[in-house]
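Each chain, letter by letter, is given below.
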Amino acid sequence: MGIRFEELAWRETPIGEISLRRRRDPSLDLDVYEVKLDDEFLMSSLFPVAEIELARLGLAPLTGDGLDVVVGGLGLGYTARTVLEEARVRSMVVVEAIEDVIDWHRRGLLPFAEGLAADPRTRFVRSDFFAAVESGAGFDPDDPDRLFHAILLDVDHSPRHVLHPSHAGFYTVEGLHRMARHLRPEGVFALWSNDPPDREFQRILTEVFPTSLAHVVRFPNPLQRRESANTVYVARR
């Protein structure tokens, strides 16, 4: 019958115990990969739609070839993998604070993300995305002043529900201005959120970016047998 549950990786980190596990869901007849932080579920391979749409919606406004992209937060790799499906992408810097998460992909523990680590356009940077913005250090350790066409972020649950208090300052006018300095003219910032569109955060976006939209991404939830929804914010310089 095979293994019904397996913990593939575990590590104590500054923000808690992070673990990757695989379980067999007999009702769906598939393997489900899940990431937990302490006792809280961060992500599941059952619900990849919004993470995929983060990449698609974030890259859609851009024209031309030779796109340089930052992905903040690696996780199960759906956003990064979708970025690489776009032939116009020249390079992708994946900023991930936890080395073990990067190692999951290098070791091939996530079959649906196969090819992500080996793609020559991919560069993993072990760094705290929010600290890099706050300090002005940028996302490329070899070129702190490097500019990107798109910055796609999926770390916190939402601008109001952050994984660590140090992240909160990013979701302010000042924090977003600091991040926007790393975008090219007409570059795009896109953000995943587990919450419905937040009017206050949308107001903050309009103070920093000339244009911004909140896309509601709906998808079937097989566990709850109903439709669920996430939000993807897309803002452009």
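Keep in mind it's a predicted model, so treat the numbers as computed, not measured.

What counts, and where the lines are drawn
- Residues numbered from 1 in each chain as written.
- Predicted model: local features only at pLDDT ≥ 70, side-chain atom pairs only at ≥ 80, totals over all residues.
- Heavy atoms only, no water.
- Phe/Tyr/Trp six-rings, centres within 6.5 Å; stacked < 30°, edge-to-face > 60°.
- Helix = DSSP H or I, 4+ residues; strand = E, 2+ residues; numbered from the N terminus.
- Buried < 20%, exposed > 50% of the residue type's maximum accessible area, 1.4 Å probe, protein only.
- Lys NZ or Arg CZ within 6 Å of the ring centre and 35° of its normal.
- Axes fitted to C-alpha atoms, helices over the stretch in contact; angles between N-to-C directions.
- Parallel < 35°, antiparallel > 145°, perpendicular 65-115°, else oblique.
- Left-handed = near helix turned anticlockwise from the far one by under 90°.
- Contact = heavy atoms within 4.5 Å.
- Nonpolar A, V, L, I, M, F, W, Y, C, P; charged D, E, K, R; others polar.
- Pairing = 2+ DSSP bridges.

1. Quick look at the packing of aromatic side chains
Using the criterion set out here, one finds 14 aromatic pairs in the structure. Seen from their ring centres, F47 and F219 are 6.0 Å apart, and the 45° between their planes marks the pair as tilted. Taken together, the residues span a long stretch of sequence, with F47 in the loop between β4 (40-44) and α1 (49-59) and F219 in strand β10 (residues 211-221) at a distance of 172 residues. Comparing F47 with F219, the two get one shared label, buried. Between F129 and F139, the aromatic rings sit 5.0 Å apart at their centres with planes inclined by 15°, giving stacked as the arrangement. In this pair, F129 sits in helix α4 (residues 129-135) while F139 sits in the loop between α4 and β8 (148-153), placing the two residues ten residues apart along the sequence. When its relative accessible area of 3% is taken as the criterion, F129 is described as buried. An aromatic cluster of three or more residues is present, and its members are F129, F130, F139, F148, F170, Y171, F189, F201, F209 and Y233. Against the face of F41 rests K36, its NZ or CZ located 5.0 Å from the ring centre.

2. A word on the packing of helix α5 (residues 173-180) against helix α6 (residues 199-208)
For the pair α5 and α6, interaxial distance at closest approach is 9 Å and the crossing angle is 45°. The orientation of α5 with respect to α6, classified from their angle, is oblique. Taken as a pair, α5 and α6 cross one another with a handedness that is right-handed. From α5, V173, L176, H177 and A180 reach across to α6, where they touch F201, I204, L205, E207 and V208. By residue class, the composition of the contact of α5 with α6 is seven nonpolar, one polar and one charged.

3. Focus: the environment of L110
If you trace the backbone, L110 turns up in the loop between α3 (99-106) and β7 (122-126). What L110 contacts, discounting residues up to four positions off in sequence, is L20, Y33, G75, L76, W104 and H105.

4. So, the sheet that holds strand β9 (residues 183-193)
Judged by pairing direction, the sheet is mixed, and its seven strands sit side by side in the order β7-β6-β5-β8-β9-β11-β10 without closing on themselves. The open sheet is flanked by β7 and β10, the only strands paired with a single partner. Averaged over all pairs of adjacent strands, the angle between their axes in this sheet comes to 20°, without regard to strand direction. Here β8 pairs with β9 via five bridges, running parallel. Directly across from A150, in β9, lies its bridge partner V188.

5. Some thoughts on the side chain of K36
By the element assignment, K36 lies in strand β3 (residues 30-37). Residues within four places of K36 in sequence aside, it is in contact with E17, I18, S19, R21, F41 and L42.

6. Observations concerning the environment of V125
Within the secondary structure, V125 is located in strand β7. A relative accessible area of 8% places V125 in the buried class. In this structure the C-alpha to C-alpha distance between V125 and G136, which are eleven residues apart in sequence, comes to 15 Å.

7. As for the environment of R126
For R126, the location among the structural elements is in strand β7. Sequence separation between R126 and V101 is 25 residues, and the spatial gap between their C-alpha atoms is 9.6 Å. The contacts of R126, once residues within four sequence positions are left out, are E96, A97, E99 and I102.

8. Side note on the sheet that holds β4
Read across the sheet, four strands follow the order β1-β2-β3-β4 without closing on themselves; strand pairing throughout is antiparallel. The open sheet has two edge strands with one neighbour each: β1 (5-13) and β4. Ignoring strand direction, the axes of neighbouring strands in this sheet form an average angle of 20°. Pairing geometry for β1 and strand β2 (residues 16-25), over eight bridges, is antiparallel. Note on β2: the bridge partner recorded for E12 is E17. Lying on the sheet, α3 is in contact with β1, β2 and β3; it crosses β2 at an angle near 30°.

None of this, on its own, says anything about what the molecule does.
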